[in-house]
There are 2 protein chains.
Amino acid sequence: MTDKDIRRRTIHDVAKAAGVSISTASNALNGTGRTNAETRERVKRVAKDIGFRPNALARSLLTKRSHAIGMLTNDTYGRLTLPMAAGVSEVLVDQGLSVFLCATNNDPRLARLHLEALLDRQVDGIIFTATRLDLPPPIELSKLPIPVVYVFAEGPSDHISFVPDDAHGARLAVEHLKNSGRSRILHITGPDDYVAVRRRANAYRDSVGEGAEVLYGDWSEEWGHFAIDAVFSRTGEKPDAIFCGNDEIARGVIDALRDKGIGVPNDVAVIGFDNWEVIAKQTRPPLTTVDMELKELGRRAGLAILALAAGEDVDTGTTRLPCSLVVRKSCGGEL
Amino acid sequence: MTDKDIRRRTIHDVAKAAGVSISTASNALNGTGRTNAETRERVKRVAKDIGFRPNALARSLLTKRSHAIGMLTNDTYGRLTLPMAAGVSEVLVDQGLSVFLCATNNDPRLARLHLEALLDRQVDGIIFTATRLDLPPPIELSKLPIPVVYVFAEGPSDHISFVPDDAHGARLAVEHLKNSGRSRILHITGPDDYVAVRRRANAYRDSVGEGAEVLYGDWSEEWGHFAIDAVFSRTGEKPDAIFCGNDEIARGVIDALRDKGIGVPNDVAVIGFDNWEVIAKQTRPPLTTVDMELKELGRRAGLAILALAAGEDVDTGTTRLPCSLVVRKSCGGEL
């Protein structure tokens with residue numbers, strides 16, 4: 001990109017380069033007034049050649065569209081938000097829309113500041129996202145004069161939400177274990193006040209049937225260690241497979257099994273949830289895990305906000321998008 | 001926040017509520033024309049009461065400032081960018097500025113689309129950030145008509161950059177190990193084509209003096225394992241401390257030492273670099289590590305862009321901000 005490409009060219013530059021008056025140049029570019037076809041084409045060609053771009057702010061004032069959307073997130077760590085934001089951006093950038101990223105830190109004051117700034121800028125819509133599905137926005141979003149889409153967050157029932165299908169993800173994991181011959185599948189997961197935890201646990205129970213057992217704890221490796229110590233020190237049959245509620249728990253589980261001399265995957269197969277690569281690729285052996293397809297969630301939210309901003313109808317309600325299973329070595333193949 | 005607070009109020013609403021004409025309301029709010037003090041105060045009070053906000057787009061056209069800045073990043077994972085973006089946002093939001101986050105994925109076409117959209121919107125400035133200090137922007141940013149600030153990236157020499165002081169971070173780690181009585185300190189780090197790797201290694205060598213040894217590899221846990229296997233299978237004196245180039249290497253080092261029955265921190269103290277909590281808090285024992293103060297880097301970049309947008313002078317060149325050492329259990333106290 002050269003200097004020439006970037007310096008802002010004005011309608012004056014276009015008029016001068018085309019050898020016409022400013023009003024003729026303006027009419028030619030906007031299709032207003034009376035200009036003959038030859039002049040109109042020449043002005044447009046010159047405008048393109050010199051890199052003229054119409055003033056987006058002025059255009060926004062006329063069209064009442066700012067070609068920008070706001071994304072409100074409580075996720076300062078970015079693990080969930082940035083892949084989704086990349087998906088949102090992917091569908092918007094080619095339409096000339098940009099994304100304001102607003103980190104609210106779950107602070108109502110900060111959220112309100114961001115929201116007011118977004119409304120002042122007349123954004124075409126707002127995407128709200130959170131670090132857990134059941135976390136409500138820190139401010140009321142249900143009565144805004146602009147479209148709102150929820151992603152990785154469940155809005156009010158008459159709103160548009162895109163969330164991962166947690167039950168589907170859990171079924172993928174359990175069916176894979178069953179199909180590879182495992183029969184005593186344990187579920188070690190996070191806190192049961194998370195709706196995602198309950199959905200995964202319910203799907204696990206439905207899929208496993210008799211003998212299903214769920215151990216609830218927190219989201220840490222430490223909990224994975226602790227759970228394995230407890231399970232392998234009690235009497236009775238031991239699991240030959242463990243489906244974990246996230247990758248951190250799975251990592252703790254794998255490390256604890258190794259400490260006990262229990263082979264993964266030969267003695268016990270392990271599957272995680274999240275496909276957080278910094279963990280999943282680094283466990284020994286690398287972790288088979290459920291991927292929530294965050295970028296696709298973002299793409300869908302982006303498409304919905306584009307449609308709404310264009311005045312099209314979009315079905316309200318929650319859309320659950322399928323997960324995928326990323327198979328690595330921790331679950332073995334056939335026994 | 002109630003419905004009433006959010007619905008956009010216009011100058012018509014203000015005029016009606018205050019019982020004045022639209023031009024009087026406009027003059028009172030903008031301090032233009034002739035309105036008496038009592039009317040002016042009453043109109044302002046009414047505007048505030050009903051939640052009137054001036055049209056930001058119209059104001060931007062007049063002031064030539066959009067009160068928005070663009071942040072270009074190649075980091076889709078967010079580990080480095082989001083903490084910095086939070087710092088940028090923290091200093092901007094109270095000034096009514098918002099941040100466009102633009103993920104370029106290191107793709108020049110995408111970067112150009114984002115940049116053109118930002119210029120169209122007449123952003124007040126651009127912050128460029130990357131996942132490594134020596135990664136140049138995927139498009140030319142040095143000749144833009146608006147201020148550009150680099151953070152966690154080194155711009156051209158006449159530009160403004162904020163980067164962590166890698167040498168300082170390395171000295172903090174080595175001095176801490178020396179002060180707790182360690183004398184055979186090894187450095188296991190990433191690829192030597194990273195400028196940050198070379199700066200940390202040089203500072204390590206200066207601080208350790210005779211006996212310094214640097215092992216270069218990649219940024220993975222696997223490399224940490226491999227390096228420990230190599231070092232502890234060769235003849236000669238063994239290290240009593242290891243300073244690692246990042247937390248992932250440190251995690252591999254700690255796991256490999258445990259596998260060999262070598263105690264951390266009693267036999268070997270370990271220090272990492274990054275303070276990436278998902279790793280640093282989960283190693284056994286938890287990892288002492290260098291924190292690059294990413295949020296502070298973002299704050300400084302935000303303050304610089306604010307000053308530049310306001311037409312103030314800001315010193316050009318690279319500012320290296322000090323790191324801090326987060327002490328956990330992996331480095332022990334006194335021997």
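Residues numbered from 1 in each chain as written. Chains lettered and ligands numbered in written order. Predicted model: local features only at pLDDT ≥ 70, side-chain atom pairs only at ≥ 80, totals over all residues.

## A few points about the overall build of chain A
Each helix and strand in chain A was counted, giving 13 helices and 12 strands. Radius of gyration (C-alpha) of chain A: 27 Å, far over the 20 Å computed for a compact globule of 335 residues. Taken over the C-alpha atoms alone, chain A extends approximately 90 × 40 × 30 Å along its principal axes. Counting only contacts in chain A whose residues sit at least 6 apart along the sequence, the fraction spanning at least 24 positions is 72%. (Helix = DSSP H or I, 4+ residues; strand = E, 2+ residues; numbered from the N terminus. Rg over C-alpha atoms; globule rule 2.2 N^0.38 Å. Contact = placed C-beta atoms within 7 Å.)

## Considerations on helix α13 (residues 294-309) of chain B
Side chains of residues three or four places apart in an α-helix project in the same direction, reflecting 3.6 residues per turn. Residues and elements named next belong to chain B. Helix length check: α13, at 16 residues, gives a terminal C-alpha distance of 23 Å against a target of 22 Å (1.5 Å per residue), a fit within 8%. The set of residues buried in α13 consists of L294, L297, G298, R299, R300, A301, G302, A304, I305, L306 and A309. In this fold, the buried residues of α13 make contact with β1 (68-73), α6 (81-93), β3 (125-129), β4 (148-151), β5 (160-164) and β11 (317-321). Phi for G311, located one or two positions after α13, is positive at around 85°. (Expected span 1.5 Å × (residues − 1). Buried ≥ 20, exposed ≤ 12 C-beta atoms within 10 Å, placed from the backbone.)

## Observations concerning unusual backbone geometry
Omega for the bond connecting A:R284 with A:P285 falls within 30 degrees of zero, at 0°, which places this linkage in the cis form. Tracing the sequence through the fold places A:P285 in the loop between α12 (277-280) and β10 (288-291). Cis geometry marks the peptide bond from B:V264 to B:P265; its omega dihedral reads 10°. In this fold, B:P265 is placed in the loop between α11 (247-259) and β9 (269-273). Positive phi, close to 135°, is recorded for A:D274, a residue that is not glycine.

## Overview of the sheet that holds strand β7 (residues 213-216) of chain A
Residues and elements named next belong to chain A. A sheet is described by the order of its strands in space; here six strands give the open sequence β7-β6-β8-β9-β10-β12, paired in mixed fashion. Strand pairing shows two members of the sheet lacking a second neighbour, β7 and β12 (324-326), which therefore form its edges. In this sheet, adjacent strand axes meet at a mean angle of 20° when their direction is disregarded. Across four bridges, strand β6 (residues 185-189) lies against β7 in parallel orientation. Pairing of L186 across the sheet is with E213, part of β7. (Pairing = 2+ DSSP bridges. Axes fitted to C-alpha atoms, helices over the stretch in contact; angles between N-to-C directions.)

## Things to note about the sheet that holds strand β6 (residues 185-189) of chain B
Residue and element names in this part refer to chain B. The six strands lie next to each other as β7-β6-β8-β9-β10-β12, forming an open sheet whose pairing is mixed. Both outer strands of the open sheet, β7 (213-216) and β12 (324-326), are each paired with one neighbouring strand and no more. Direction aside, neighbouring strands of the sheet carry axes that sit 20° apart on average. Two strands pair when backbone bridges link them, and β9 and strand β10 (residues 288-291) are joined in this way by three bridges, in the parallel orientation. Across the sheet, the residue bridging to F273 is V290, located in β10. Contacts between α11 and the sheet are confined to β6, β8 (241-244), β9 and β10, with β9 contributing the most and set at about 155° to the helix.

## Details of the domain arrangement of chain A
Examined at the domain level, chain A breaks down into domain 1 (3-54), domain 2 (65-165 + 294-322) and domain 3 (166-292 + 326-331). Taking only C-alpha atoms into account, the centre of domain 1 of chain A sits 37 Å from that of domain 2 of chain A. (Domains from an automatic or database assignment.)

## Here we look at α11(B)
Residue and element names in this part refer to chain B. For α11, spanning 13 residues, the distance from its first C-alpha to its last is 18 Å, which sits close to the expected 18 Å at 1.5 Å a residue. Burial runs high along α11: 11 of the 13 residues are buried. Buried within α11 are the following residues: D247, E248, I249, A250, R251, G252, V253, I254, D255, A256 and L257. On its buried side, α11 packs onto β6, α10 (221-233), β8, β9, α12 (277-280) and β10. The first or second residue beyond α11 is G261, which carries a positive phi of 75°.

## Quick word on the packing of α10(B) against α11(B)
For any two helices packed against each other, one specifies the crossing angle of their axes together with the interaxial distance. Residue and element names in this part refer to chain B. At a closest axis distance of 6 Å, the pairing of α10 and α11 adopts a crossing angle of 45°. One element, α10, and the other, α11, form an angle in the oblique class. As α10 runs across α11, the sense of the crossing is right-handed. Of the residues in α11, those touching α10 at E221, E222, W223, G224, H225, I228 and D229 are E248, I249, A250, R251, G252, V253, D255, A256 and L257. Classifying every residue of the contact of α10 with α11 by side-chain character gives seven nonpolar, three polar and six charged. (Parallel < 35°, antiparallel > 145°, perpendicular 65-115°, else oblique. Left-handed = near helix turned anticlockwise from the far one by under 90°. Nonpolar A, V, L, I, M, F, W, Y, C, P; charged D, E, K, R; others polar.)

## Describing the packing of helix α3 (residues 22-30) of chain B against helix α4 (residues 37-49) of chain B
All names here are of chain B. Across the interface, α3 lies against α4 with an axial gap of 9 Å and an inter-helix angle of 90°. With respect to α4, the axis of α3 lies roughly perpendicular. On the side of α3, the interface is formed by T24, A25, A28 and L29, while α4 contributes T39, R40, V43, K44 and A47. Taken together, the residues of the contact of α3 with α4 break down into five nonpolar, two polar and two charged.

## Things to note about the pairing of β10(B)
Pairing geometry for β10(B) and β12(B), over three bridges, is antiparallel. From the neighbouring strand, B:V290 faces β12(B), where its bridge partner is B:L325.

## Description of the pairing of β1(B)
Residue and element names in this part refer to chain B. The element β1 is extensively covered by neighbouring structure, given that six of its six residues are classed as buried. Across the two faces of β1 the burial is the same, with A68, G70 and L72 and I69, M71 and T73 all buried. By the bridge criterion, six bridges tie β1 to strand β2 (residues 98-103) in an arrangement that is parallel. Pairing of T73 across the sheet is with A103, part of β2. Note that β1 and β3 share five bridges and pair parallel. Bridge assignment links M71 to a residue of β3, and that residue is I127.

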